[in-house]
Amino acid sequence: MNATELRLNAYLKALKLSGVARHYKSVAQDAEATGQSYVDFLAAVFEQEILKREQSGIQFRVQQAHLPLPKTLDTFDFTAIPSLNKAKVVTLTHCEWIDRNENAILVGNSGTGKTHLAISLGYIACQAGKRVRFYTAAGLVNDLTAAQKEGTLARLERQWRRWDLVILDELGYIPFSPTGSQLLFQFCSERYERGSLLITSNLEFARWTEVFGDEKLTTALLDRLTHRAHIFPMNGESYRFRESIRRQQS
Ligand code: ADP
Ligand code: MG
């Protein structure tokens, strides 16, 4: 490395321009080879910095989201679930529903790809610059209950406000305690029209009282949740089950 390069590297480090540091040599070579102007070269160099920051921003948001598995929409086979409105799902990938603080609810039997879709939409939202947090419903209720016991509920509430989209997976498998129900109700009410929720459930709405215990509370909750919601019925044959049958046959 010559003296100029050493100096340049020190400058880039001080300015925290690691994208430029990594790429300026190849961009400079390219500029020389193609006879670019100095201004074109500068634009190309800073483009590398922008790309790098976008990429690390996405990485950071994906990490913060705690998505439990790497699932994306490209691996989702829409033909496996004909009852699902693909065009409507594709509309959600533009993330405008998150800008409008709307909700999405995926309801259907086990194994129909609800979690897969929820993760995929969460990932897409991270790519679009949204702050996302994935929870299982039971996991969130545990966190809420613990926070209440420790007196840190207010702090948790302030954290929630940072999330543009909260995914609540698997509502319905485990019934909540009365306190748990109350806390989850409070959580959902707090987000109402202030942020988006994406909920997956194996239970149709009429049966949500079974998880929340209290009929009045469930009605009030459903009223808020479904007010501005994109609802996707996802009933069908279990994809897992079908795959295992196919494997056994081959
Ligand atoms: P659910 O949450 O509805 O119970 P999952 O999303 O967990 O179902 O799906 C079960 C498994 O089957 C996962 O590995 C998922 O990736 C896969 N799967 C389900 N539906 C599809 C689909 N339509 N295309 C591709 N994979 C699918
Ligand atoms: Mg699931």
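Residues numbered from 1 in each chain as written. Chains lettered and ligands numbered in written order. Predicted model: local features only at pLDDT ≥ 70, side-chain atom pairs only at ≥ 80, totals over all residues. Heavy atoms only, no water.

**Some points on the nonpolar core**
The nonpolar side chains of soluble globular proteins are, as a tendency, buried together. Residues Leu144, Leu184, Phe187, Trp208 and Phe212 are the most contacted members of the largest nonpolar core, which totals 31 residues. Those elements that place two or more of their residues in this core are strand E1 (103-107), helix H7 (137-150), helix H8 (153-160), strand E3 (165-171), helix H9 (178-191), strand E4 (196-201), helix H10 (209-212) and helix H11 (215-227). Not counting chain neighbours up to four residues away, the residues in contact with Leu144 comprise Leu153, Leu156, Trp160, Leu183, Leu184 and Phe187. (Core = buried A, V, L, I, M, F, W, Y, C linked by side-chain atoms within 4.5 Å. Buried < 20%, exposed > 50% of the residue type's maximum accessible area, 1.4 Å probe, protein only. Helix = DSSP H or I, 4+ residues; strand = E, 2+ residues; numbered from the N terminus. Contact = heavy atoms within 4.5 Å.)

**Details of the packing of aromatic side chains**
For the coordinates displayed, the defined rule picks out four aromatic pairs. Look at Trp160 and Phe187: their rings are 4.4 Å apart centre to centre, the planes differ by 85°, and that puts the pair in the edge-to-face class. Placement of Trp160 in helix H8 and of Phe187 in helix H9 is noted, with a sequence separation of 27 residues between them. Judged by its relative accessible area of 3%, Trp160 falls in the buried class. On the basis of relative accessibility, which here comes to 0%, the residue Phe187 falls in the buried class. The interplanar angle of 75° and the centroid separation of 5.2 Å between the aromatic rings of Phe205 and Trp208 together place this pair among those described as edge-to-face. Since its relative accessible area comes to 25%, Phe205 is described here as partly exposed. Cation over ring: Lys88 sits above Phe232, and NZ or CZ is 4.9 Å from the ring centre. Sitting over the ring of Trp163, Arg162 keeps its end group 5.2 Å from the ring centre. (Phe/Tyr/Trp six-rings, centres within 6.5 Å; stacked < 30°, edge-to-face > 60°. Lys NZ or Arg CZ within 6 Å of the ring centre and 35° of its normal.)

**Topic: the site of ligand 1**
With respect to spatial proximity, 15 residues lie near ligand 1, and among them Asp77, Gly111, Lys114, Thr115 and His116 are the closest. Within the backbone of Gly113, a nitrogen or oxygen atom sits 3.1 Å from an oxygen atom of ligand 1. Here an oxygen atom of ligand 1 and a side-chain polar atom of His116 are 2.6 Å apart. Burial of ligand 1 by the protein chains amounts to 86% of its free accessible area of 560 Å². The site holding ligand 1 turns out to be the largest pocket. The element best represented in the shell around ligand 1 is helix H6 (residues 114-127), accounting for three residues. Here the residues of the shell around ligand 1 sort into three nonpolar, eight polar and four charged. (Near = heavy atom within 4 Å. Polar contact = N/O pair within 3.5 Å; in protein donor to acceptor, adjacent residues only side chain to side chain. Areas by Shrake-Rupley, 256 points an atom, 1.4 Å probe, with all protein chains shown as cover. 1 Å grid on protein atoms, 1.4 Å probe; cavity = no way out; pocket = protein on both sides within 12 Å on 5 of 7 lines; lining within 4 Å. Sits in = over half its atoms within 2 Å of the grid points. Nonpolar A, V, L, I, M, F, W, Y, C, P; charged D, E, K, R; others polar.)

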